[in-house]
Amino acid sequence: MWSNTILRRVIHPGRAFFSHREYSSKIFISRLSFYTTDDELRNTFSQFGQIKEARLIKDPRTNRPKGYGFVEYSTDAEAEKAIKSMDGKIYGGRLIFVEHAKSESTGET
């Protein structure tokens, strides 16, 4: 009678559709130390696969890191491995959170 799969209906202004997760090879890392550098981020996350891009988001006025960044891998599997390994771990003296980056076009995960 009940299915193991549950589809969730998400309603956005002007459109309706069934949501589903599309995992990407880009991950979002939050709660990073403000002393973390781009090179440290790249070196730490390179153990999970080939990195296409690693960048910290910085304040445009001060050029200091804001405490979060993005890493893009060559494959979705590498990104998933990094998330499973690093989410909820202590890095740079802080508890960090790692998740799939949200799509820029839809805002969906």
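Quantities reported herein were computed from a predicted structural model and do not represent experimental measurements. (Residues numbered from 1 in each chain as written. Predicted model: local features only at pLDDT ≥ 70, side-chain atom pairs only at ≥ 80, totals over all residues. Heavy atoms only, no water.)

Participant: Looking at this model, I keep getting lost on the overall build of the protein chain. Mind explaining?
Facilitator: Secondary structure summary: the protein chain contains two helices and eight strands in total. Along the chain direction, N to C, the helices and strands of the protein chain fall in the order β-β-β-α-β-β-α-β-β-β. By the burial criterion, 35% of the 109 residues in the protein chain qualify as buried. In the protein chain, of all internal contacts separated by at least 6 residues, the share reaching a separation of at least 24 is 56%. Carbon and sulfur atoms make up 50% of the accessible area of the protein chain, which amounts to about 7700 Å² in all. (Helix = DSSP H or I, 4+ residues; strand = E, 2+ residues; numbered from the N terminus. Buried < 20%, exposed > 50% of the residue type's maximum accessible area, 1.4 Å probe, protein only. Contact = heavy atoms within 4.5 Å. Areas by Shrake-Rupley, 256 points an atom, 1.4 Å probe, with all protein chains shown as cover.)

Participant: Honestly, helix α2 (residues 76-86) in this entry has me stumped. Any pointers?
Facilitator: It helps to recall that an α-helix has 3.6 residues per turn; residues three or four apart then point in one direction. Of the positions making up α2, those classed as buried are Glu 78, Ala 79, Ala 82, Ile 83 and Met 86. Buried positions in α2, seen along its axis, are confined to an arc of 140° and lie on one side of it. Seen from the open side of α2, the exposed residues pointing more than 90 degrees away from its buried face are Ala 77 and Lys 84. Buried residues along α2 sit against β3 (26-30), α1 (38-45), β5 (65-73) and β8 (97-100). (Arc of directions from axis to C-beta.)

Participant: Explanation requested: the packing of aromatic side chains in the structure shown.
Facilitator: Counting across every chain of the model gives three aromatic pairs. Judged by centre distance (5.7 Å) and plane angle (50°), the ring pair of Phe 28 and Tyr 68 falls under tilted. Taken together, the residues Phe 28 in strand β3 and Tyr 68 in strand β5 connect sequence positions 40 residues apart. Centre to centre, the rings of Phe 28 and Phe 70 are 5.3 Å apart; their planes meet at 50°, and the pair counts as tilted. Separated by 42 residues along the polypeptide, Phe 28 in strand β3 and Phe 70 in strand β5 bring together distant segments of the chain. You'll find Phe 28 and Phe 70 in the same group, each marked buried. In this arrangement the basic side chain of Lys 26 is found over the ring face of Phe 70, its NZ or CZ atom lying 5.5 Å from the centre. (Phe/Tyr/Trp six-rings, centres within 6.5 Å; stacked < 30°, edge-to-face > 60°. Lys NZ or Arg CZ within 6 Å of the ring centre and 35° of its normal.)

Everything listed here is a matter of geometry and, on its own, says nothing about what the molecule does.
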